[in-house]
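# An overview of the molecular structure
Here's the letter readout for the chains.
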Amino acid sequence: MSRTSPYRSGLTIEDPRVSQRVQGFPESVIREMTRIAALHGAVNLAQGFPDFDPPPELLEAAKRAVDHGGNQYSITWGDPGLRAAISRKAREFNGIESDPEQNLVVTCGATEAMMASMLSLIDPGDEAVIFEPFYENYGPDARVSGATPRHVRLEWPDWHLDEEALKSAFNEKTKVLILNTPNNPTGKVFTQAELKLLADLCTDHDVVAVTDEIYEHMVYDGGRHISVATLGSMAERTVTINGLSKTYSATGWRVGWAIAPSTLATAIRRAHDFLTVCAPHAFQLAGVAALAMPPSYYDELRRSYQAKRDRLVTALRAAGIDCRPPGGTYYVMTDFSAFPFADDWAFAMHLIQSCQIATVPGSSFYADPRSGRKQVRFVFCKRETTLDDAIARLGRWEQGRDHSWPT
Ligand SMILES: Cc1ncc(COP(=O)(O)O)c(C=O)c1O
């Protein structure tokens with residue numbers, strides 16, 4: 001079993017001039033699978049981006065912004081109009097109070113918000129508690145910022161949180177807890193009780209919660225998204241990260257943000273300023289229109305993704321691939337133990353070659369690649385026609401699958 005795909009040259013870059021920092025992590029497996037999917041003409045159910053555009057009114061807003069002055073740098077920590085819009089939505093949707101002048105940093109996606117937050121909070125020797133399986137960026141985020149990760153396992157199949165394991169991950173070196181709810185890749189939506197436990201531990205150990213809530217509008221079956229910053233006094237010690245990518249189907253616009261207590265926001269602004277100066281200004285302006293979408297937009301987004309989730313989960317189960325309907329996000333983590341494949345890479349490559357469906361090998365979501373070796377992740381943020389195609393391919397694969405199995 002290996003973490004290495006047939007397409008990659010290995011972890012180490014054979015050049016002594018390269019820093020140890022980047023020797024410690026490979027190319028993103030998720031983004032690599034997108035490239036492999038294209039090589040094989042496979043349906044890309046690997047990387048989490050929609051194959052459809054943002055709503056037309058947002059496209060119009062972006063065009064207007066390019067035509068009317070959004071072509072130069074913005075204020076480094078964000079266009080004032082966008083910061084005001086973020087602050088308003090965070091109050092109304094999340095219940096988070098923020099001053100656009102003091103508490104907000106607009107970044108190049110949630111990706112940069114997380115990296116800038118970690119760079120601003122971590123000193124060498126500090127530890128970061130990270131739930132596992134995790135969104136694969138958090139590994140390099142810890143590595144680049146110098147944090148020592150402490151992983152706490154969420155267990156298949158219901159991704160429950162072991163209270164004792166979580167408590168024992170906290171110690172005097174713990175500086176941050178990285179939370180992602182709704183969670184990629186598991187689809188877990190952390191419950192109020194779990195968030196309360198986290199909040200108490202952060203408070204008792206003087207730890208900052210850095211919480212990535214980019215899937216906040218994708219919570220299904222009547223569930224509710226809760227921002228940890230709204231619990232007790234957590235607003236004093238929480239960096240809440242979000243962005244336009246997922247909610248508005250605009251992953252290429254690269255607009256995200258962090259909401260933080262003023263001292264932490266000042267620190268994050270420093271890292272952000274020298275990393276990227278500012279997020280794309282025109283798309284920040286279009287973001288004002290995005291954040292003004294009516295409640296019906298979010299209802300329809302949730303309804304449509306829930307229906308897609310149900311279709312994909314039904315098709316996967318019919319094909320003998322084990323999974324539970326995720327409570328949130330647009331991912332389904334699956335277990336293929338019923339099939340005789342050596343590991344997750346073997347199964348993922350088999351699906352690409354025999355079925356023309358690209359997935360993400362499960363080991364890429366774990367620190368130790370021996371974990372997740374019977375798991376692959378599917379996405380369902382695709383057009384109905386793309387899902388029809390993928391589901392038909394899965395059906396055909398299920399019908400004739402034994403002729404292409406490994407022996
Ligand atoms: C949990 C999580 N955070 C952040 C991102 C990336 O966000 P952005 O496009 O805003 O950088 C993703 C993308 O898949 C994600 O799954």
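Residues numbered from 1 in each chain as written. Predicted model: local features only at pLDDT ≥ 70, side-chain atom pairs only at ≥ 80, totals over all residues. Heavy atoms only, no water.

## A look at the side chain of Asp-212
Following the sequence through the fold, Asp-212 ends up in strand 7 (residues 208-212). Here Asp-212 is buried and forms no salt bridge, its nearest opposite-charge partner Lys-246 lying at an N-O distance of 8.8 Å. Polar contacts involving the side chain of Asp-212 include one to the side chain of Tyr-138, which spans 2.7 Å. Contacts of Asp-212, omitting those with residues within four sequence positions, involve Met-114, Tyr-138, Leu-179, Asn-180, Thr-181 and Ile-241. (Helix = DSSP H or I, 4+ residues; strand = E, 2+ residues; numbered from the N terminus. Buried < 20%, exposed > 50% of the residue type's maximum accessible area, 1.4 Å probe, protein only. Lys, Arg positive; Asp, Glu negative; His and termini not counted. Salt bridge = Lys/Arg side-chain N within 4 Å of Asp/Glu carboxyl O. Polar contact = N/O pair within 3.5 Å; in protein donor to acceptor, adjacent residues only side chain to side chain. Contact = heavy atoms within 4.5 Å.)

## Details of the domain arrangement of the protein
Assigned domains within the protein: domain 1 (20-53 + 296-399) and domain 2 (71-291). Averaged C-alpha coordinates put domain 1 and domain 2 at centres separated by 24 Å. Contact residues are listed per partner, giving 41 residues for domain 1 and 36 residues for domain 2. Together, the buried faces of domain 1 and domain 2 total about 3300 Å²; carbon and sulfur atoms form 57% of this surface. (Domains from an automatic or database assignment. Buried area = accessible area lost by both parts, 1.4 Å probe.)

## Focus: the pairing of strand 3 (residues 127-132)
Among the 6 residues in strand 3, 6 count as buried, and that is most of the element. The alternating pattern of strand 3 places Glu-127, Val-129 and Phe-131 and Ala-128, Ile-130 and Glu-132 on opposite faces, both of which are buried. Relative to strand 4 (residues 148-155), strand 3 is paired through 6 bridges, and the arrangement is parallel. When the bridges of strand 4 are listed, Phe-131 appears paired with Val-152. (Pairing = 2+ DSSP bridges.)

## Overview of the sheet that holds strand 9 (residues 256-259)
In a beta sheet, neighbouring strands are held together by backbone hydrogen bonds and run either parallel or antiparallel to one another. Reading across from one edge, 2-9-8-7-6-3-4-5 is the order of the 8 strands in this open sheet, with mixed pairing throughout. Edge positions in the open sheet fall to strand 2 (104-107) and strand 5 (160-161), since each of these has one partner strand only. Examined bridge by bridge, strand 4 and strand 5 share 2 bridges and lie antiparallel to one another. Across the sheet, residue Glu-155 finds its bridge partner in strand 5, namely His-160.

## Digging into the layout of surface pockets
Take a probe with the size of a water molecule and roll it over the atoms, and the empty space left behind shows itself. The volume enclosed by the largest pocket comes to roughly 530 Å³. Around the largest pocket, the lining comprises 24 residues; the ones closest to its centre are Phe-25, Pro-26, Glu-136, Gly-139 and Pro-140. Counting only elements with at least two residues in the lining of the largest pocket, the list comes to helix 5 (109-121), helix 6 (138-145) and strand 4. Considering every element that reaches the lining of the largest pocket, the biggest residue donor is helix 6, with 5 residues. Taken together, domain 1 (20-53 + 296-399) and domain 2 (71-291) each give at least three residues to the lining of the largest pocket, which thus spans both. A volume near 380 Å³ is recorded for the second largest pocket. If you trace the second largest pocket, you find 24 residues lining it, with Arg-31, Thr-111, Tyr-135, Lys-246 and Arg-254 closest to the centre. At the level of secondary structure, the elements contributing two or more residues to the lining of the second largest pocket comprise helix 2 (29-40), helix 5 and helix 6. (1 Å grid on protein atoms, 1.4 Å probe; cavity = no way out; pocket = protein on both sides within 12 Å on 5 of 7 lines; lining within 4 Å. Points joined across faces, edges and corners; volume = space filled by probe spheres on them.)

## Things to note about the side chain of Lys-188
Within the secondary structure layout, Lys-188 lies in the loop between strand 6 (174-180) and helix 8 (192-204). Taking relative accessible area as the criterion, Lys-188 reaches 9% and is therefore assigned buried. Here Lys-188 is in contact with Leu-154, Trp-159, His-160, Leu-161, Thr-181, Pro-182, Asn-183 and Glu-194, once residues within four sequence places are set aside.

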